There are 2 protein chains.
Amino acid sequence: MESGDAARPGSGRATGAPPPRLLLLPLLPLLLGRGLRVAAAASASSSGAAAEDSSAMEELATEKEAEESHRQDSVSLLTFILLLTLTILTIWLFKHRRVRFLHETGLAMIYGLIVGVILRYGTPATSGRDKSLSCTQEDRAFSTLLVNVSGKFFEYTLKGEISPGKINSVEQNDMLRKVTFDPEVFFNILLPPIIFHAGYSLKKRHFFRNLGSILAYAFLGTAVSCFIIGNLMYGVVKLMKIMGQLSDKFYYTDCLFFGAIISATDPVTVLAIFNELHADVDLYALLFGESVLNDAVAIVLSSSIVAYQPAGLNTHAFDAAAFFKSVGIFLGIFSGSFTMGAVTGVVTALVTKFTKLHCFPLLETALFFLMSWSTFLLAEACGFTGVVAVLFCGITQAHYTYNNLSVESRSRTKQLFEVLHFLAENFIFSYMGLALFTFQKHVFSPIFIIGAFVAIFLGRAAHIYPLSFFLNLGRRHKIGWNFQHMMMFSGLRGAMAFALAIRDTASYARQMMFTTTLLIVFFTVWIIGGGTTPMLSWLNIRVGVDPDQDPPPNNDSFQVLQGDGPDSARGNRTKQESAWIFRLWYSFDHNYLKPILTHSGPPLTTTLPAWCGLLARCLTSPQVYDNQEPLREEDSDFILTEGDLTLTYGDSTVTANGSSSSHTASTSLEGSRRTKSSSEEVLERDLGMGDQKVSSRGTRLVFPLEDNA
Amino acid sequence: MESGDAARPGSGRATGAPPPRLLLLPLLPLLLGRGLRVAAAASASSSGAAAEDSSAMEELATEKEAEESHRQDSVSLLTFILLLTLTILTIWLFKHRRVRFLHETGLAMIYGLIVGVILRYGTPATSGRDKSLSCTQEDRAFSTLLVNVSGKFFEYTLKGEISPGKINSVEQNDMLRKVTFDPEVFFNILLPPIIFHAGYSLKKRHFFRNLGSILAYAFLGTAVSCFIIGNLMYGVVKLMKIMGQLSDKFYYTDCLFFGAIISATDPVTVLAIFNELHADVDLYALLFGESVLNDAVAIVLSSSIVAYQPAGLNTHAFDAAAFFKSVGIFLGIFSGSFTMGAVTGVVTALVTKFTKLHCFPLLETALFFLMSWSTFLLAEACGFTGVVAVLFCGITQAHYTYNNLSVESRSRTKQLFEVLHFLAENFIFSYMGLALFTFQKHVFSPIFIIGAFVAIFLGRAAHIYPLSFFLNLGRRHKIGWNFQHMMMFSGLRGAMAFALAIRDTASYARQMMFTTTLLIVFFTVWIIGGGTTPMLSWLNIRVGVDPDQDPPPNNDSFQVLQGDGPDSARGNRTKQESAWIFRLWYSFDHNYLKPILTHSGPPLTTTLPAWCGLLARCLTSPQVYDNQEPLREEDSDFILTEGDLTLTYGDSTVTANGSSSSHTASTSLEGSRRTKSSSEEVLERDLGMGDQKVSSRGTRLVFPLEDNA
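The structure displayed is predicted, hence computed values, not measured ones.

Topic: helix 3 (residues 104–122) of chain A
Argument step 1. When the terminal C-alpha atoms of helix 3 of chain A are compared, their 26 Å separation across 19 residues agrees well with the 27 Å that a helix rising 1.5 Å per residue should span.
Argument step 2. Buried residues of helix 3 of chain A: Glu 104, Thr 105, Gly 106, Leu 107, Ala 108, Met 109, Tyr 111, Gly 112, Leu 113, Val 115, Gly 116 and Leu 119 of chain A, and no others.

Below, the structure written as structure tokens:
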């Protein structure tokens, strides 16, 4: 007798609530439920013929029960659909009347709350499951059980462990159970489209322009925030223990885990308002980029913390080996997922480039969808994180594949993922509202909750302000105080924190975290979401900027004239190293990747060395020779923001720190050499434009107050 | 100890294979699987902290197993995605090179077959499940089982009954099991988008013009076909019994069930070629309309046959009460599902009309999607058939809601459902290819298979030719012999027959049916699909007709001149009753439903009686007053095909049979009175046009040979 292969035996969980598997899975049975009923009917009929002597009445009763259960499944999903429908109609009303104090996600939560209250207090509490407590096994739980019932064999699968205290007390309301989804639905069905859409709809120009800062906020910032929140919460937990408020175990790793999941910001409300008001594009890029990468970091961080298992029995002391293993796991999962996403993106780009699939937008869209989905599966099959892979796949698809698609497919894919994202996001938020009342295992601890609010505030502050300070040392156009305050303010928590928290609510600590996360999401989405518009005007942040367009030249030239002195002075401190790296990447991308993967860019025959001639001719698409004029894609300029400046301003402005100035010289030299050798006009045109824009933009960021006042 | 609420205890099935529930469900675990692993890791970690003394090694082993299983899940879905990707690329190649002998669905099956062979013979046969046969219960199987394992309680759920002979012989290949989906996935996830798309993309003009014939083919035809095939197969089964080829029971109801599921035609291949070659639109409408309604009829028919359970123990004799009950069930389910679909369609139309949602295409599309999906759930919740409801919802949405949508939402919704339909259809077909080798319980019976091929041929012939004969008695423009042959030829079986067959493969009879259905689908899709183009030219069926446009007038006026005599002579025999009914419906639709549900049509204030003035003003949208000019929607004309002719030709041509002639007079009178009273120009313009076109089209159908030669 060995253990089974598929089910996960409820691994020796100490005490507390049933494992997450016990949360029923009504979405899928519901989808499958109709058949259950008909199949039951069918089998009843076919078997009714065969086994005339069997008790037909009993079967009928069972059939009726199955039918009833199926009906409830349908009703529970209908509830969600009605919730979403109601949300959509109310959103429309709000948009129609230009109400901005409540975002659709906040609204979805409110409706969810209301329905949750109705379900909780309005429906009769039926005793849900009938159990038969009968067998006793030796020493292990098996994943599959065969039971001999008067000669017939029935197969059972393990659902999970049940704590002995709960066996008879599982007073359950059928409807409440039905509306409780398996937590993995969130992680494997609802999050991927949201995350993919985030990657795919990234405004690349602004994203890449601020890439350094975004990466710093996302990686360093999340780590700092996680660590600070974790430690503060450990203090709170200690305090609770002293006050006797803690009824079960709560370890340091649990606190760190909480820090990780709650560090995933999701300023969906703020970004929606930014979008609507056309607020400053750089701030938008910083916030959006941070939140997107943030999510990926938080997922991987939380699983690394979970994987932190010190050797030996003293499991919660610090163990350097285990710590470095966790760091290794973090790096491994992250880079693996990144690679997976990038690789499928590149493969899709190659396929769409070398086939004439764009004549058939339906095929193209289907292929795009399948390839993007396969990223998720591929990453999962290799043991990486599908959600993270999907993010980078989205970015790659947007950067390369998008350019190969037909015009129709571009809008099709955008719209497809937009709808999926919209539905998934609003579903999660309305589920959150519902869960506050229907989730059966809440642990409300006022001290923990207050502590958590303080901790996330401090954690966010300790992440935004110091990082911004250090980034400003290196940035040409500084992140102003008002931007920093706005970023501080925009630390909403949303779908990702919720999905990570609901994933495992088995232990007491996890349940407390879940409840707290839920409340934090509510509070931040409602209060912060509602306060965004006042905050924007209070902080004097520009609105009314066309996000795809740079500001009109007259406005900016005025600023440039005004700001030229201090701006170029600040420009001196630009970290040339990072500029050099970005420049290298841009050149590589522009000269090799773009021509290989898309129909744009300079012909490879000119960029590759002569001995690669044949290969270059094969890989270069004929279109490239036709339209040798500089590529006018939205994402091609601006990636070399800081590099440009070096080339043009370099000689006159690089004065402050000698080390980087010498670097600059070599860089600019190298840059111009490469430019000359490969695709002169293209790069030069790009540079000229980028240059002009950047300098003006840099100025705009320096004088936001004058501008807005 | 009572039975549980959700699971279906394996109702006393006599012998044979395990019930369908035993087919694993890897799609969903896969989607959920990642979490399973991480949750396992998480719980292992958190519990590892709590229960340090528990055997950590064992947990680790379990975790690894779960991880391995999850990986296999991902790989199996990846297999399907690769299959689909390959199919898409090959389709592109075929379309690119204008290869028409193999349709994408046929291709998907071939690739599926190849992968099936590889999986079957290329992967090692591992012994899949490890079982623990330990407990003995008293007299019933319970849906939930609590097992006490040395003090810990584990919960198990019932999967189904296992036949005693199979307990130890379930030699199973992991990979084969993984690629075997739960049959209900087909019915509840893959079919609805296919069917909805069919309804939504119905070319209404041609559909409604031939509605009478389509309904006759779909309802009468399917019933006839089901009955004939069922009886023929019963003969075959008798023969097999005599020859000793039958190793288990096979009842008459089983034969009828087979007749029902195999009567669902799915000429997807033929229709695709028709579309591509722009073949005759009326033939297209007949085939498409028949196959769409066909599916609905076949589903409901098969569940009615399943519900046919004679009272008493002699279960397979004819029982009039049970028969009428079955008929009642058929009518009940059908009309209920129809109503559900129509009601949600109407609600969506009202919502999209009375809100200004069309300013926000994303919201509109999401609402449309949700409302259409809710049809499925609503029907299921009420005990009707979701798939059928979704079909009529699609038709209603296309007829009313579509007109209220913004231009962007129109293309968005069309494209969304097009992609879903494309993916679902190709998935089903590639799964079919795979299933031929990976499905574990095939029962190949040459006699049954040959018998089935003969039976479906005869069943189709007995349905097309006699029905066409009777329809031609009443039709103005006859269904010519070449059309009849083409319809006879186009009796492909596809996704619906497969989904119905795989739904229950528990008994020996059902397994034999499943295998036979699979082979029939293969044969018909490949052979008939490949033969469509030759057949079209052999039968002299017009190609190159623009489906949205009527043929150029010069061409047709020539025909009208030629064919006027015999055509109008035949026109005499037009059944005026059906024309009258359609006319009534058209008037009602045009004067009341369209103005209420859409922004088009005459203002209600003119069509409703005066005392409804207030209501009429509320319901009529302001746009209607603005654009009082006749509505030029694609679907508004032509529904009153036969009515028109009466109005214009009536007096001079109605000579042959007096009874219908007198009817004609009254109808035309009534028609013109209503026309005058309500919306003169609109109807009259419509009539004038419809008239001209119809007469010419009627002629075209009469002289297809001259036309094409």
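Here's the deal with the packing of aromatic side chains
All names here are of chain A.
Argument step 1. Scanning the model with the defined rule gives 64 aromatic pairs over all chains in all.
Argument step 2. Ring centres of Tyr 200 and Phe 417 lie 6.3 Å apart, and the angle between their planes is 65 degrees; on these two criteria the pair is classed as edge-to-face. In this pair, Tyr 200 is assigned in helix 5 (residues 183–200) and Phe 417 in helix 14 (residues 407–438), connecting sequence segments 217 residues apart.
Argument step 3. Classification of Phe 417 by relative accessible area gives buried; the value is 5%.

Observations concerning the environment of Lys 594 of chain A
Argument step 1. Looking at the element boundaries, Lys 594 of chain A is found in helix 20 (residues 576–597).
Argument step 2. For the pair Lys 594 of chain A and Gln 511 of chain A, spaced 83 residues apart in the sequence, the C-alpha separation amounts to 48 Å.

Comments concerning the packing of helix 12 (residues 361–381) of chain B against helix 14 (residues 407–438) of chain B
All names here are of chain B.
Argument step 1. Relative to each other, helix 12 and helix 14 sit at 45 degrees, their axes nearing to 9 Å. Taken together, the axis directions place helix 12 and helix 14 in an arrangement best described as oblique. Considering only the axes of helix 12 and helix 14, their crossing is right-handed. Of helix 14, the residues touching helix 12 (which contributes Pro 361, Leu 362, Glu 364, Thr 365, Phe 368 and Phe 369) are Glu 408, Ser 409, Arg 412, Thr 413, Leu 416, Phe 417 and Leu 420.
Argument step 2. Class assignment of the residues belonging to the contact of helix 12 with helix 14 gives a composition of seven nonpolar, three polar and three charged.

What about the nonpolar core?
Argument step 1. Of all hydrophobic cores here, the largest spans 307 residues; its most connected members are Phe 186, Phe 258 and Met 486 of chain A together with Phe 186, Phe 258 and Met 486 of chain B.
Argument step 2. Contacts of Phe 186 of chain A, omitting those with residues within four sequence positions, involve Phe 181, Leu 191, Phe 427, Ile 428, Tyr 431, Phe 498, Ala 499 and Ile 502 of chain A.
Argument step 3. In terms of nonpolar packing, the next biggest core, distinct from the first, is built from five residues, Leu 604, Leu 608, Ala 616 and Leu 619 of chain B among them.

Some words on the pattern of salt bridges
Argument step 1. According to the stated counting rule, one finds eight salt bridges over all chains in the structure shown.
Argument step 2. We note a salt bridge from Glu 408 of chain A to Arg 412 of chain A, for which the minimum N-O separation is 3.1 Å. Placement of the pair is Glu 408 of chain A and Arg 412 of chain A together in helix 14, with a separation of four residues, close to one helical turn.
Argument step 3. Several salt bridges share partner residues, and in doing so they unite Glu 408 and Arg 412 of chain A together with Glu 418 of chain B into one network.

Analysis parameters
Residues numbered from 1 in each chain as written. Chains lettered and ligands numbered in written order. Predicted model: local features only at pLDDT ≥ 70, side-chain atom pairs only at ≥ 80, totals over all residues. Heavy atoms only, no water. Helix = DSSP H or I, 4+ residues; strand = E, 2+ residues; numbered from the N terminus. Expected span 1.5 Å × (residues − 1). Buried < 20%, exposed > 50% of the residue type's maximum accessible area, 1.4 Å probe, protein only. Phe/Tyr/Trp six-rings, centres within 6.5 Å; stacked < 30°, edge-to-face > 60°. Axes fitted to C-alpha atoms, helices over the stretch in contact; angles between N-to-C directions. Parallel < 35°, antiparallel > 145°, perpendicular 65-115°, else oblique. Left-handed = near helix turned anticlockwise from the far one by under 90°. Contact = heavy atoms within 4.5 Å. Nonpolar A, V, L, I, M, F, W, Y, C, P; charged D, E, K, R; others polar. Core = buried A, V, L, I, M, F, W, Y, C linked by side-chain atoms within 4.5 Å. Salt bridge = Lys/Arg side-chain N within 4 Å of Asp/Glu carboxyl O.

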